[in-house]
Amino acid sequence: MSLPPRARQLGVVGCHACGLVCEDKLDETGHADCPRCGAALHRRRPDSLARAGAFLLAGMIFYIPANMLPVMYTSLLGSGSDNTILRGVVEFWKAGSYGIALVIFTASVAVPCTKFLVLGLLLATCRRRSRWARRERARLYRLVEFVGYWSMLDVLVVAIVAALVKFQALSDIEPRLGILFFGMVVILTMLSALSFDPRLIWDGDDTNR
Amino acid sequence: MKTFLNLVICEHCDSVYRRGVPAPGEVAHCAQCAAVLYRASRLDVEQWLALTAAAVVAFMIANICPVVRISLQGQHNEAALWQSVAALAHGAAAPIAVPMALCVILVPLMQIVLLVWVLPFARVGRRAPGFAPAMRILVALRPWSMVEVGLLGILVATIKLSSFVEVAPGAGIWATAALTVLLIVIAKRDVQGLWALTERAAPGPMAPA
């Protein structure tokens, strides 16, 4: 089966906001707006690799304090304790709540680590203009886009639990600094995925770039 | 600038295709990277508008009524979604309350408001004043709408607390569940289709394809 032509070969560019296919005059004008919706037209997301790499690196750095620092302080009948994300998972597992332990582990450890690995792999292979496993890499990117925001789960759980458990002397739950770092990790990796341009996966053949 | 309404560009790999008319329920995939190109709309604008109206009601209930109610030794406490966000705003992790409020409350609200604005006009084949910026914002908001994560967060928090307090669901949790489904149907779908629906009535320098 012959593959479809690419926008660059036909001299057209697609608007990222409304999808309209426009004639590519970016070489002459330098800057052009979509005639239908007014968004700026780009052949590729600007500075894709640099931006995605910077957001990814920042996210990985923040992931360390997110796991080391407590995310929540629980006091029950006078005795208080700080909880990290992982300790919460372990406690659920020991208490026999395997399902809930798995949900939290998936959202707070498996998903962020998968994102680091996948985005790192995509950035490294695209920088080398690799032609290796392009369909699979395109799938990986869509997977990261799809699962990325579920990591916000932990932040929400802490928020809801902290809002509910307010019984002065009896019991109290407060958010702690770790959850700020964790939320930042989720936002930064989402920004990284949004800055990365999946079209770069397919740009390996173009020699005129 | 020439535009080509009969073409569609895969936003994941830049392949160019002639736009077809998909049969109901049909989805067009990119032959190169297997991403979704476009799909047949399961809703007409009238149904879309009706579901958006339902989302307005669900949003109000979800954000006014408490989602969970707990009791511990005769004391009661309940929290609505916005109170959970407010609970984050106290203490060291306070800055995370801002993205949290955006993702579970403000972004979904903006999506609903924008759709309530553009859909009645689209129903009669017209573009609302400010249609272009509204559509650009709708596309940009999509990755940041996280009501479904909020729903899972409520459930996890409920299970987490059920070991040491009595937990009862509030009206807000049902409304949040309804809002989750409605938002997926009205805002996660292909809003770009509205451009084509309102194409004929639009005056302006559109080149015929």
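Thresholds, definitions, all that
Residues numbered from 1 in each chain as written. Chains lettered and ligands numbered in written order. Predicted model: local features only at pLDDT ≥ 70, side-chain atom pairs only at ≥ 80, totals over all residues. Heavy atoms only, no water. Helix = DSSP H or I, 4+ residues; strand = E, 2+ residues; numbered from the N terminus. Rg over C-alpha atoms; globule rule 2.2 N^0.38 Å. Buried < 20%, exposed > 50% of the residue type's maximum accessible area, 1.4 Å probe, protein only. Contact = heavy atoms within 4.5 Å. Areas by Shrake-Rupley, 256 points an atom, 1.4 Å probe, with all protein chains shown as cover. Lys, Arg positive; Asp, Glu negative; His and termini not counted. Charge placed at Lys NZ, Arg CZ, Asp CG, Glu CD. Buried area = accessible area lost by both parts, 1.4 Å probe. Salt bridge = Lys/Arg side-chain N within 4 Å of Asp/Glu carboxyl O. Polar contact = N/O pair within 3.5 Å; in protein donor to acceptor, adjacent residues only side chain to side chain. Nonpolar A, V, L, I, M, F, W, Y, C, P; charged D, E, K, R; others polar. Phe/Tyr/Trp six-rings, centres within 6.5 Å; stacked < 30°, edge-to-face > 60°. Domains from an automatic or database assignment. Pairing = 2+ DSSP bridges. Axes fitted to C-alpha atoms, helices over the stretch in contact; angles between N-to-C directions. Left-handed = near helix turned anticlockwise from the far one by under 90°.

Enquirer: What is the right way to look at the overall build of chain A in this model?
Expert: In terms of regular secondary structure, chain A is built from eight helices and six strands. The order of α-helices and β-strands along chain A, N terminus first, is α-β-β-α-α-β-β-α-α-α-α-β-β-α. A compact globule built from 209 residues should have a C-alpha radius of gyration of about 17 Å, whereas chain A, at 22 Å, is more than 25% larger. The buried share among the 209 residues of chain A stands at 53%. If you take every contact in chain A between residues at least 6 apart in sequence, the share linking residues at least 24 apart comes to 65%. Accessible area of chain A: about 9,500 Å², with a carbon and sulfur share of 62%. If the 24 positive side-chain charges of chain A are averaged to one point and the 17 negative ones to another, these points end up 5 Å apart.

Enquirer: Can you walk me through the interface of chain A and chain B in this structure?
Expert: The figure often quoted for interface size is the accessible area lost as the parts come together. Contact residues are listed per partner, giving 74 residues for chain A and 66 residues for chain B. Overall, the association of chain A and chain B removes approximately 6,300 Å² of surface from exposure, summing both partners, and the carbon and sulfur fraction of that is 75%. The largest per-residue losses of area from chain A upon contact with chain B belong to Arg36(A), Leu164(A) and Phe167(A), which jointly make up 11% of the total buried on that side. On inspection of chain A and its partner chain B, the count reaches two salt bridges. Linking Asp14(B) and Arg44(A) is a salt bridge whose minimum nitrogen-to-oxygen distance equals 2.6 Å. If you look at where chain A meets chain B, you find 15 residue pairs in polar contact (both at pLDDT 80 or more). For the side of chain A that touches chain B, a count of residues per class yields 54 nonpolar, seven polar and 13 charged.

Enquirer: Even after reading the chapter, I still don't get the packing of aromatic side chains, so can you show me in this structure?
Expert: Geometrically, a pair of aromatic rings is defined through the distance of the ring centres and the angle of the planes. Tallied over the entire structure, the rule returns seven aromatic pairs over all chains. Ring centres 5.4 Å apart and planes at 85° place the aromatic pair Phe62(A) and Phe181(A) in the edge-to-face group. Placement of the pair is Phe62(A) in helix α3 (residues 48-68) and Phe181(A) in helix α8 (residues 177-195), with a sequence separation of 119 residues. Relative to Trp195(B), the ring of Phe131(B) has its centre 4.8 Å away and its plane inclined at 80°; by these criteria the two rings are edge-to-face. Within this pair, whereas Phe131(B) is found in helix α4 (residues 131-141), its partner Trp195(B) is found in helix α7 (residues 193-197), the two being separated by 64 residues in sequence.

Enquirer: Would you take a moment to explain the domain arrangement of chain B for this structure?
Expert: The domains assigned to chain B are domain 1 (1-40) and domain 2 (43-197). The C-alpha centroid of domain 2 of chain B is placed 30 Å from the C-alpha centroid of domain 1 of chain B.

Enquirer: Would you take a moment to explain the sheet that holds strand β1 (residues 3-4) of chain B for this structure?
Expert: One key point about sheets: their strands pair by backbone hydrogen bonds, in either a parallel or an antiparallel sense. The three strands are arranged β1(A)-β2(A)-β1(B) in an open sheet whose pairing can be described as antiparallel. Each edge of the open sheet carries a strand with a single partner, namely β1 (12-14) of chain A together with β1 of chain B. Two strands pair when backbone bridges link them, and strand β2 (residues 21-23) of chain A and β1(B) are joined in this way by two bridges, in the antiparallel orientation. When the bridges of β1(B) are listed, Cys22(A) appears paired with Thr3(B).

Enquirer: Honestly, the packing of helix α5 (residues 98-127) of chain A against α8(A) in this entry has me stumped. Any pointers?
Expert: Residue and element names in this part refer to chain A. As a packed pair, α5 and α8 sit with axes 11 Å apart at the nearest point and diverge in direction by 35°. Crossing angle aside, the handedness with which α5 passes α8 is left-handed. Contacts between α5 and α8 pair Ala107, Ser108, Pro112, Lys115, Phe116 and Leu119 from the former with Phe182, Val185, Val186, Thr189, Met190, Ser192 and Ala193 from the latter. For the contact of α5 with α8, the residue count by class is nine nonpolar, three polar and one charged.

Enquirer: Any chance you could explain the environment of Glu23(A) here in plain terms?
Expert: Structurally, Glu23(A) is set in strand β2. It is 8.9 Å that separates the C-alpha atoms of Glu23(A) and Leu10(A), two residues lying 13 residues apart in sequence. If we skip the residues at most four places from it in the chain, Glu23(A) touches Gly11(A), Val12(A), Val13(A), Met1(B), Lys2(B) and Phe4(B).

Enquirer: Whenever I open this one, the pattern of salt bridges confuses me. Can you help?
Expert: Here the idea is simple: oppositely charged side chains can pair when their charged atoms come close. Following the criterion strictly, the structure yields 13 salt bridges over all chains and no others. For the salt bridge of Asp24(A) with Arg43(A), the shortest nitrogen-to-oxygen distance reads 2.6 Å. You can see Asp24(A) sitting in the loop between β2 and α2 (26-29) and its partner Arg43(A) sitting in the loop between α2 and α3, a full 19 residues away along the chain. Asp24(A) gets classed as buried once you look at its relative accessible area, which sits at 17%. Take Arg43(A): its relative accessible area is 25%, and that puts it in the partly exposed class. Here Glu46(B) ties to Arg123(B) by a salt bridge, and the two come within 3.1 Å at their closest N and O atoms. One end of the pair, Glu46(B), is in helix α1 (residues 45-64); the other, Arg123(B), is in helix α3 (residues 97-123), with 77 residues separating them in the sequence.

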